[in-house]
Amino acid sequence: MAKNKYADMFTLRKDGRYQASYTDDTGRHYLYDRDPERLWQKLNAPKDEKPALFAQAADAWDKEHTEQISFKTAEAYVAPLRRIKAQFGDQQIEHISAADISAYLSALAKKGYSRRTVQMHRDILNMIFNKAIVGGLTRFNPVSAVHLPRNLKRSVRELPPDAAVEAVKSSTGPNALFAKICLYAGLRRGEALALRYEDVDRIHGVIHITKAVEFVGNNPHIKEPKTAAGVRDAILLDVLAAEIPASRGYIFCNEDGSLLTKMQYRVRWRNYCKEIGFELTAHQLRHGFATILYEAGIPDKDAQELLGHSTITLTRDVYTHIRQARRKDTAQKLNDYFSPQS
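Since we're looking at a predicted model, the values are computed, not measured.

Chemist: Is there a simple way to think about the pattern of salt bridges in this case?
Modeler: Charged atoms that come close allow side chains of opposite charge to pair. As enumerated under the stated definition, the model contains 12 salt bridges in all. The salt bridge partner of E64 is K131, with a shortest N-O separation of 2.9 Å. Taken together, the positions of E64 in helix α3 (residues 54-66) and K131 in helix α6 (residues 115-134) put the pair 67 residues apart, joining distant regions of the chain. Residue classification places K131 among the partly exposed residues on the basis of a relative accessible area of 22%.

Chemist: Help me understand α6 in this model?
Modeler: Since the α-helix turns once every 3.6 residues, residues separated by three or four places project in the same direction. The first and last C-alpha atoms of α6 sit 29 Å apart over 20 residues, in line with the 28 Å expected at 1.5 Å per residue. Listed in full, the buried residues belonging to α6 are V118, H121, R122, I124, L125, I128, F129 and A132. For α6, the angular spread of buried residues about the axis comes to 160°, placing them on one side. G136 lies just past α6 and shows a positive phi near 80°.

Chemist: Honestly, the environment of P220 in this entry has me stumped. Any pointers?
Modeler: Counting through the fold element by element, P220 comes out in strand β7 (residues 219-223). Along the backbone, P220 and L259 are 39 residues apart, and their C-alpha atoms lie at a distance of 6.6 Å. The contact partners of P220, leaving out residues within four places of it in the chain, are V213, E214, F215, L259, L260 and T261.

Chemist: Mind showing me how you'd approach helix α11 (residues 262-276) here?
Modeler: End to end, α11 covers 21 Å across 15 residues, agreeing with the expected 21 Å (1.5 Å per residue, within 8%). Buried residues along α11 sit against α7 (162-170), α8 (176-185), α9 (189-193), β6 (212-216) and α12 (282-295). Of the residues one or two after α11, G277 is the one with positive phi, at around 80°.

Chemist: Just to check I follow, could you spell out the packing of aromatic side chains for this structure?
Modeler: Think of a pair of aromatic rings as described by two things: how far the centres are apart, and how the planes are tilted against each other in angle. If you walk through the whole model with that rule in mind, you get 10 aromatic pairs. Ring centres 5.8 Å apart and planes at 75° place the aromatic pair F178 and W269 in the edge-to-face group. In this pair, F178 is assigned in helix α8 and W269 in helix α11, connecting sequence segments 91 residues apart. Considered together, F178 and W269 belong to a single accessibility category, that of buried residues. Taken together, the ring pairs in this structure connect F178, F252, Y265, W269 and Y272 into an aromatic cluster.

Chemist: What is the right way to read unusual backbone geometry from this model?
Modeler: In most cases, non-glycine residues show a negative phi, while peptide bonds are predominantly trans. For N151, which is not a glycine, the phi torsion comes out positive at approximately 60°. Given a relative accessible area of 79%, N151 falls into the exposed group.

Chemist: Hey, could you run me through the nonpolar core in this one?
Modeler: The biggest cluster of nonpolar side chains holds 43 residues, and the ones touching the most others in it are F178, I181, L240 and W269. At the level of elements, α7, α8, α9, β5 (206-209), β6, α10 (238-241), α11 and α12 are the ones that each hand at least two residues to this core. In terms of residue count, α8 provides more of this core than any other element does, nine residues in total. Apart from the residues lying within four places of it in its own chain, the contact partners of I181 are G186, L187, A192, L195, L240, I244 and F252. Formed by 25 residues, the second largest nonpolar core is a distinct cluster that contains W61, I93, I96 and V118.

Chemist: Before we go on, may I ask you to explain the pairing of β6 in this structure?
Modeler: For a regular strand, side chains alternate in direction, first toward one face of the sheet and then toward the other. With respect to burial, β6 is a largely interior element, four of its five residues being buried. Looking at chain direction, β6 and β7 are connected through five bridges and run antiparallel. Its bridge partner being in β7, V216 is matched across the sheet by N219. The turn linking β6 back onto β7 is made up of two residues, and G217 within it adopts a positive phi angle of 70°.

Chemist: Could you clarify how one ought to interpret the pairing of β5 in this entry?
Modeler: Both strand β4 (residues 200-201) and β5 contribute to a ladder of two bridges, which runs antiparallel. Counted as the bridge partner of D201 is V206 from β5. Linking β4 back to β5 in an antiparallel pair, the connection comprises four residues, with G205 at a positive phi of about 70°. Pairing analysis gives four bridges linking β5 to strand β8 (residues 232-235), with the strands arranged antiparallel. Note that in β8 the partner of V206 across the bridge is I235.

Chemist: Explain the sheet that holds β5 to me, please; I cannot follow it from the model alone.
Modeler: If you walk across this open sheet you meet the three strands as β4-β5-β8, and the pairing is antiparallel. Each of the sheet's edge strands pairs with one partner strand only, and the pair in question is β4 and β8.

Chemist: Would you mind going over a nonpolar patch on the surface with me for this structure?
Modeler: On the surface, I235, L237 and V239 cluster together into a nonpolar patch covering about 230 Å² of accessible area. Positionally, V239 belongs in helix α10. Accessibility expressed as a relative area gives 42% for V239, which makes it partly exposed.

Chemist: Just to check I follow, could you spell out the packing of α8 against α12 for this structure?
Modeler: When two helices pack together, their arrangement is captured by the angle between the axes and the distance separating the axes. With their axes 6 Å apart at the nearest point, α8 and α12 run at an angle of 35° to one another. For the pair α8 and α12, contact is made by F178, A179, C182, L183, Y184 and A185 and by A282, L285, R286, G288, F289 and I292, respectively. Here the contact of α8 with α12 is built from residues that sort into 10 nonpolar, one polar and one charged.

Here is what the cut-offs are and how they apply
- Residues numbered from 1 in each chain as written.
- Predicted model: local features only at pLDDT ≥ 70, side-chain atom pairs only at ≥ 80, totals over all residues.
- Heavy atoms only, no water.
- Salt bridge = Lys/Arg side-chain N within 4 Å of Asp/Glu carboxyl O.
- Helix = DSSP H or I, 4+ residues; strand = E, 2+ residues; numbered from the N terminus.
- Buried < 20%, exposed > 50% of the residue type's maximum accessible area, 1.4 Å probe, protein only.
- Expected span 1.5 Å × (residues − 1).
- Arc of directions from axis to C-beta.
- Contact = heavy atoms within 4.5 Å.
- Phe/Tyr/Trp six-rings, centres within 6.5 Å; stacked < 30°, edge-to-face > 60°.
- Core = buried A, V, L, I, M, F, W, Y, C linked by side-chain atoms within 4.5 Å.
- Pairing = 2+ DSSP bridges.
- Patch = residues over 30% accessible without salt bridge, like charges linked within 9 Å, V, L, I, M, F, W, Y side chains within 5 Å.
- Areas by Shrake-Rupley, 256 points an atom, 1.4 Å probe, with all protein chains shown as cover.
- Axes fitted to C-alpha atoms, helices over the stretch in contact; angles between N-to-C directions.
- Nonpolar A, V, L, I, M, F, W, Y, C, P; charged D, E, K, R; others polar.

See the structure below:
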């Protein structure tokens with residue numbers, strides 16, 4: 001049977017997948033696939049009457065989801081998925097309850113995992129159960145009734161020390177420009193590595209950010225930003241414009257114009273940190289840019305656009321952290337001022 005004949009048998013969804021359904025003693029079930037012939041085979045395959053194990057659902061989700069996400073995100077899911085399968089893998093998926101999920105997340109919290117990490121575990125569990133419902137492996141998603149444990153510790157966003165920021169500002173040499181772009185324009189590491197001289201618009205005073213470098217192993221690949229907010233124009237500050245020469249091609253590259261590998265980038269960055277005398281990350285300098293925005297009185301909505309945050313909540317969280325960090329610095333300075341002189 002020709003592909004188009006299979007396609008005529010099913011409903012084509014807006015997401016590009018074909019949809020089929022069947023009914024058994026447990027109710028109506030839906031199947032999906034981008035290949036209509038493969039969907040027909042799924043629909044007509046003998047139904048496994050054995051109770052589905054959670055591991056089956058997790059593997060089905062992992063196979064489909066990995067194809068739709070970036071390599072970096074897929075890497076981040078490996079460890080949480082391994083823990084989840086170790087906990088629930090051999091259990092019948094229908095028998096896993098909201099209480100089981102809640103107890104698992106609470107156990108993670110007691111082990112000291114951060115809010116972000118526990119949230120990732122919950123998100124993965126939620127996606128697995130939703131996929132299992134679509135695939136007819138279960139009828140319920142117990143994760144929907146479970147909230148994160150209270151008082152989870154938050155991942156620390158470390159501000160760069162003021163002395164380190166000043167060292168970056170005054171630094172020179174072949175590796176200094178990368179650090180200054182992260183500090184003065186708030187670019188992410190991948191965005192800065194993908195930057196071309198043609199993206200620097202001196203006429204309008206902006207830097208066009210439309211892409212980023214993602215490392216797959218050691219190899220660099222150009223990718224689109226993970227959210228629409230990532231495509232933006234950063235303000236080209238005069239102090240930064242003076243540092244960027246007029247040229248063409250990638251700003252940070254090998255002599256033949258090719259992108260830097262992950263190892264090449266790490267070596268350059270390590271050498272730069274030695275030159276300025278501070279251990280920093282590119283993300284800390286991006287956070288330093290957020291601090292500049294905060295101290296300059298830039299409203300959080302404008303800061304969201306400049307930083308390329310997908311939601312205003314992310315920006316407000318960053319601003320809150322900066323405010324708290326600055327309050328501690330102020331308190332220390334006041335205490336030092338009023339302390340008895342030795």
